[in-house]
Amino acid sequence: MRLLVLPGDGIGPEITAATLTVLRKVADVFGFPLEFQEEAVGHVSLQQYGTTVRPNLLDLARSADGLILGPAATFDFRDPAKGEINPSAFFRKSLDLFANIRPCRTWPGLPQKLGAFDLVIARENTEGFYADRNMVQGNGEMQVTEDVVISLRRVTRKACARIAKVAFELAQQRRKHVTAVHKANVLKLGDGMFLDECRKLQRQFPGVTLDELIVDAAMAHLIRHPQDFDVIVTTNMYGDIISDMTAEASGSLGLGGSLNAGDNYAMAQASHGSAPDIAGRNIANPFSLILSAAQLLDWLGRRKGQSGCCEAASAITRAIENAVVAGEITRDIGGRLGTKETGEALARQIENDRN
């Protein structure tokens, strides 16, 4: 298998290097071929090629088995006409990665601010209020006068139906409970359509319970009793906000894995930003990208019928569990290791567990 690796900006190259250390180890231990093709995106690409994302990267991504994208300085990239393209939005839109799967759980050995919980967020990934990806051409946000900005929200029945299907399929494998999070009391048409599609899908999964919560109430319930949730399905912006909050509640945003998946392609991506203030200091937590890469391995294993990939994904999660308990983690979550050393410690843990 070949993965296209795009380290990105800020701490991206450091956490990507740690992730590749772990992936090389599991490929060796579980006996499956794995190659990496590394290419530049973000500021490095802009300086070298005049664009943050070269057009040929899309062909490389389509020909690869999967994609790993490190964090990019997306707030810096404002004008696509000047080559300032948001790499994350580019690949999500171009590869139709409509499902952003964000598992979130507590970890024994770390403070449990809201008690122990284990949930997954299925976030629609291609439309909504995200102006850089909800139009075929152009941008969904416009400034019509000096003092007036209009932001358009796109909601389609197709997108609602397919993210609902992903959520119910996830719940079928878990605790059989889906919560649809919406704002249909105000956005009656768009979120009303989203709820209609969730209700239709529920009829195809009679063993799965469907609850509906208004987004502001859902946030309150998540703070009060996150244990009550299994799979949350929601639209793009709500899912972005909720998943960051639940990741932080689990111990750190650096513990949140994230897989962007479509019918034909998938991309592992850290759930946090590029953190330029700590770049180059070997202190960034690599767990988010490592967990995302584990999700990618599991996705590939299921699609290709390669049990070694699925076993490797589980081994990575177990190694992180053990690392947290042993304190072999970065300082942001109470450890003493650097980014590079954390990746190396995980690789040793995986090898020791197998022997």
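This text follows the structure it describes.
Throughout, residues of each chain are indexed from 1 in the direction in which the sequence is written. The predicted nature of this model means local features are confined to residues of pLDDT at least 70 and side-chain atom pairs, given and counted, to a pLDDT of 80 or more, with totals for whole chains, interfaces and linings taken over all residues. Only hydrogens and water are removed before side-chain values are computed, so all heavy atoms of the structure are retained for them.

### Comments concerning the pattern of salt bridges
Phase 1: Salt bridges are counted wherever a side-chain nitrogen of Lys or Arg sits within 4 Å of a carboxyl oxygen of Asp or Glu. Evaluation of the coordinates by the stated rule reveals 21 salt bridges.
Phase 2: Notably, a salt bridge pairs Arg123 with Asp240, separated by 3.6 Å at the nearest N-O pair. Here Arg123 is found in strand E5 (residues 118–124), whereas its partner Asp240 is found in helix H8 (residues 236–249), with 117 residues between them in sequence.
Phase 3: Here Arg154 ties to Glu127 by a salt bridge, and the two come within 3.3 Å at their closest N and O atoms. Secondary structure elements are defined from DSSP: runs of H or I of at least 4 residues count as helices, runs of E of at least 2 residues count as strands, and each element is numbered from the N terminus.

### Some details on the nonpolar core
Phase 1: For the purposes of this section, nonpolar cores are sets of buried Ala, Val, Leu, Ile, Met, Phe, Trp, Tyr and Cys residues that join through side-chain atoms within 4.5 Å. When a residue's accessible area, from a 1.4 Å probe over protein chains only, is under 20% of the maximum for its type it is buried; when over 50% it is exposed; and in between it is partly exposed. In this structure, Leu23, Phe32, Ile68, Phe287 and Ile316 are the most contacted members of the largest nonpolar core, which totals 49 residues.
Phase 2: Contact definition: two residues touch when any of their heavy atoms are within 4.5 Å. When sequence neighbours within four positions are dropped, the list of residues in contact with Phe287 reads Gly254, Leu255, Ile320, Ala323, Val324, Glu328, Ile329, Ile333, Thr342 and Leu346.
Phase 3: By size, the runner-up hydrophobic cluster in this structure holds 25 residues, among which are Ile101, Cys160, Val166 and Val233.

### Describing helix H11 (residues 339–354)
For an α-helix, the turn length of 3.6 residues means that residues three or four places apart are oriented alike.
Phase 1: Counted at 1.5 Å a residue, the expected span for H11 with its 16 residues is 22 Å, and the 23 Å between its end C-alpha atoms agrees.
Phase 2: Within the span of H11, buried status applies to Thr339, Thr342, Gly343, Ala345, Leu346, Ala347, Gln349 and Ile350.
Phase 3: In this fold, the buried residues of H11 make contact with helix H1 (12–30), helix H9 (287–304) and helix H10 (307–326). Take the number of residues in a helix, subtract one, and multiply by 1.5 Å to get its expected span.

### Overview of the pairing of E5
Phase 1: The buried count for E5 comes to six of seven residues, which makes it a mostly enclosed element.
Phase 2: As paired elements, strand E4 (residues 99–105) and E5 share seven bridges and run antiparallel to each other. The partner of Ala99 across the bridge, within E5, is Glu124.
Phase 3: With four bridges joining them, E5 and strand E10 (residues 231–234) adopt parallel strand pairing. Considered in E10, the bridge of Val120 is made with Val231. Strand pairing is assigned whenever DSSP detects at least two bridges linking the two strands.

### Remarks on the packing of helix H5 (residues 157–173) against helix H6 (residues 190–204)
Phase 1: An axis is simply a line fitted to the C-alpha atoms; with a helix, the fit covers only the stretch in contact. Between two such axes, the angle follows the N-to-C directions and lies from 0 to 180 degrees. In the contact formed by H5 and H6, the axes pass within 8 Å of each other and the chain directions differ by 45°. In terms of axis orientation, H5 runs oblique to H6. As H5 packs across H6, the resulting crossing turns out to be right-handed. Packed against H5, whose contacting residues are Arg157, Cys160, Ala161, Ile163, Ala164, Lys165 and Phe168, the element H6 presents Met193, Phe194, Asp196, Glu197, Cys198, Lys200, Leu201 and Gln202 at the interface.
Phase 2: Charged means Asp, Glu, Lys or Arg here, nonpolar means Ala, Val, Leu, Ile, Met, Phe, Trp, Tyr, Cys or Pro, and polar covers whatever is left, Gly included. Classifying every residue of the contact of H5 with H6 gives nine nonpolar, one polar and five charged. Orientation is classified from the angle alone, with under 35 degrees giving roughly parallel, over 145 giving roughly antiparallel, 65 to 115 giving roughly perpendicular, and any other angle giving oblique. What makes a crossing left-handed is the near helix being turned counterclockwise from the far one by less than a right angle; a clockwise turn instead makes it right-handed.

### Some thoughts on the packing of aromatic side chains
Phase 1: Aromatic rings from Phe, Tyr and Trp, with only the six-membered ring used for Trp, were paired whenever their centres fell within 6.5 Å, and each pair was classed as stacked if the ring planes differed by under 30 degrees, edge-to-face if by over 60, and tilted otherwise. Scanning the entire structure with this criterion turns up two aromatic pairs.
Phase 2: Above the ring of Tyr49, the side-chain terminus of Arg54 is found at 4.3 Å from the ring centroid.
Phase 3: Only when the NZ of Lys or the CZ of Arg is both within 6 Å of the ring centre and within 35 degrees of the ring normal is a charge said to sit over the ring. The residue whose ring lies beneath Arg105 is Trp107, and the NZ or CZ to ring-centre distance is 3.9 Å.

### Side note on the state of the cysteines
Phase 1: Cysteine sulfur atoms that come within 2.5 Å of each other are treated as a disulfide pair. Per the stated rule, a full pass over the model turns up zero disulfides.
Phase 2: Free of any disulfide, Cys309 has its nearest cysteine sulfur in Cys310, 6.8 Å distant.
Phase 3: Exposure remark for Cys309: the relative accessible area of 0% places this residue in the buried category.

### As for empty space enclosed by the protein
Phase 1: A pocket, in this scheme, is an open set of points on a 1 Å grid over the protein atoms alone with protein on both sides within 12 Å along at least 5 of 7 lines, while a cavity is a set where a 1.4 Å probe fits but cannot get out; residues line either one if an atom lies within 4 Å of a point. Grid points are joined across faces, edges and corners, and a volume is the space filled by probe spheres set on the points. Enumeration according to the criterion identifies three cavities of 30 Å³ or more in this entry.
Phase 2: Glu124, Glu127, Gly128, Arg154, Val155, Cys160, Ile163, Phe194, Thr235 and Asn236 are the residues that line the largest cavity.
Phase 3: Looking at the lining of the largest cavity residue by residue, the classes come out as four nonpolar, three polar and three charged.

### Brief notes about unusual backbone geometry
Phase 1: Non-glycine residue Asp96 carries a positive phi angle of around 55°.
Phase 2: In this structure, Asp96 sits in the loop between helix H4 (87–94) and E4.
Phase 3: Residue Asp96 is classed as partly exposed on the basis of its relative accessible area, which comes to 30%.
Phase 4: Not every positive phi belongs to a glycine, and Asn282 is a case in point at roughly 60°.
Phase 5: Structurally, Asn282 is set in the loop between strand E12 (266–269) and H9.
Phase 6: Overall, the relative accessible area of 28% leaves Asn282 in the partly exposed class.

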